[in-house]
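A structural walkthrough
Letter by letter, the chains look like this.
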Amino acid sequence: YASPDAAVGAGDLTISIGGVNHVVATDGGTTLAELAQRIGDLDAGVHAAVVALDATNHTLLITADDSGAASSFTASGTQAGLGSFGVVQQGTDAALTVGSGPGALTISRSSNTVTDLVAGATIELRETSTSPVTVSVARDPDAAVAAVQGFVDELNAALGTIGDLTRYDPEAQVGGPLTGDATARTLALDLRHALSGTVLGGAYPYAGSVGISIDRTGTFTFDEAKLRDALADDWDAVADLFTSGASAADPRLDYVGSTAATVPGSYEVVITQAATSPSVEGSKYKKPSSETTFQILVDGLTVDVTVAKNATIDESVDAINAALTGAGAGSLVASRTTLPSGDDAIRLDDSRYGSAATFQVIGDPFGLTGMHAGSDVAGTIGGEAATGTGRTLTADAGDPSGLAVRVSATQAEVDGAGGSLSLGDVTVADGLIGALDRVLDLAEGAGGRIARARATWQSQVDLIDDRIQVYEDRLDRREAQLLRQFASLETTMAALMSQSNWLSAQLPGLNQGGAG
């Protein structure tokens, strides 16, 4: 085309992408530039531009929005002037090899930005290479220092705002809008206290040990060199200082989480019932005399199982597992087991734990029929009652309230301990950020201190407004009374003036009568 303003003619341009056809209709007046705009307006995963090959030759270039082989498309037009479309460049996936030799991994991605090769790392593929490229992942002390500096700055900004709102100027005898407000004063004290406490354990147990301290004005200061030294010495210990978490010496205990109600400390975990998964062991295996069909209900699925006539136990197990896998019931697995009598039997085991994990077998010939359920872990945390859900035990009340741990002890271990198995202590530490979160949890939200303070102030405002209204009503009534009295006085004064005028008119006559 001679220019972007040249007409492309009437017809249909069809772009096929992802199995869907997108059509742009043109008429005799549609220009090349307008066609490119309409292609972009389709929002079909492609965009178009007019490319100047030279001063007098222009062409339409259509490009996929995404990269990779999956973004490929075709284009064709019935307009006489468009001609045929040729492929300038085909979309291809990025390909990379990790390792070498027979065990090397070949990986393809639709983008040159790879986010799932190394956990937590984003890798940009910039060019092809015939020699290995080593990707090294290292901790970034500069980022850690910047994050802590930003944290201290934001905390000081918050304290500064509270200070401005509560400050009183004795010379001008003017106070801020929150001068004397107990909630604002308590919030400032709690924020300072959150970073002044000691975190349980660790090589760096308090904020000052990593360079965060508070001066006599209540402002936090930051010693960058001290933090860098601490990070170089023991990165994990510094991380533990800032982050909330818990630890347990017994490998059968894993920390799951805690809430704002959980008080930092050490709490003994005692198990009286280990979590179990549902399972069933059938009766002595006998080959079915005819083709047999039965059902297994698991995790909301109904699985139809068919076992062939005279199937061996291994063939029956394979048939059951194939049906379960095909239905997507991957938690349940059939296997061959040996009964105490020495006979073979079929066994079903569910990998899920707890009373919510159930499955039901209906109408099987192998002694598996019935409803089968697991059991939840039971026990106490820190001497307080706890609720079990599967393998997770959560404290219900007291200082450990909200503390949740995952227990991997077995029922055999509980029984071996006489029905009560102590797994030692779980030690919960807030960390500096956790302590700050606790302060904010108490301050924010519908039932927080700020909301309660706002409600208190609002109730006082409402009370004063009511009193003002009462005074205004009283003043209105007094004004109305005074207006009535004034009107009455005006009427009386008018009558008196009328009488005065009448008397004044009579006086001359009286004087003349006396003279005669």
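This write-up is about the structure you can find in this document. Fair warning: this is a prediction, and the values are worked out from it, not measured in the lab.

A separate point is a nonpolar patch on the surface. A cluster of nonpolar side chains, Phe 486, Leu 489, Met 493 and Leu 496, forms an exposed patch at the surface whose accessible area comes to about 400 Å². The residue Phe 486 is located in helix H9 (residues 449-515) in this model.

So, on to the layout of surface pockets. Computed from the structure, the largest pocket encloses a volume of approximately 890 Å³. Along the walls of the largest pocket sit 35 residues, with Ile 62, Phe 73, Val 87, Val 88 and Gln 89 positioned nearest its centre. When contributions to the lining of the largest pocket are tallied by element, the ones reaching two or more residues are strand E3 (46-54), strand E4 (57-64) and strand E5 (73-77). Its residues placed into classes, the lining of the largest pocket shows 15 nonpolar, 18 polar and 2 charged. Reported here for the second largest pocket is a volume of approximately 750 Å³. What lines the second largest pocket is a set of 21 residues, among which Leu 96, Leu 125, Glu 127, Ser 129 and Val 133 lie closest to the centre. Only strand E6 (94-98) and strand E9 (123-124) provide two or more residues apiece to the lining of the second largest pocket. For the lining of the second largest pocket, the element with the highest residue contribution is E6, accounting for 5 residues. Its residues assigned to classes, the lining of the second largest pocket shows 11 nonpolar, 7 polar and 3 charged.

A full pass over the atoms with the stated rule returns 15 salt bridges. A salt bridge links Asp 164 to Arg 167, with the shortest nitrogen-to-oxygen separation between them at 2.7 Å. Assessed through its relative accessible area of 48%, Arg 167 is described here as partly exposed. For Asp 344, the salt bridge identified is with Arg 336, shortest N-O distance 2.6 Å. On the accessibility criterion, Asp 344 (26% relative accessible area) is partly exposed.

What counts and what doesn't
- Residues numbered from 1 in each chain as written.
- Predicted model: local features only at pLDDT ≥ 70, side-chain atom pairs only at ≥ 80, totals over all residues.
- Heavy atoms only, no water.
- Patch = residues over 30% accessible without salt bridge, like charges linked within 9 Å, V, L, I, M, F, W, Y side chains within 5 Å.
- Areas by Shrake-Rupley, 256 points an atom, 1.4 Å probe, with all protein chains shown as cover.
- Salt bridge = Lys/Arg side-chain N within 4 Å of Asp/Glu carboxyl O.
- Helix = DSSP H or I, 4+ residues; strand = E, 2+ residues; numbered from the N terminus.
- 1 Å grid on protein atoms, 1.4 Å probe; cavity = no way out; pocket = protein on both sides within 12 Å on 5 of 7 lines; lining within 4 Å.
- Points joined across faces, edges and corners; volume = space filled by probe spheres on them.
- Nonpolar A, V, L, I, M, F, W, Y, C, P; charged D, E, K, R; others polar.
- Buried < 20%, exposed > 50% of the residue type's maximum accessible area, 1.4 Å probe, protein only.

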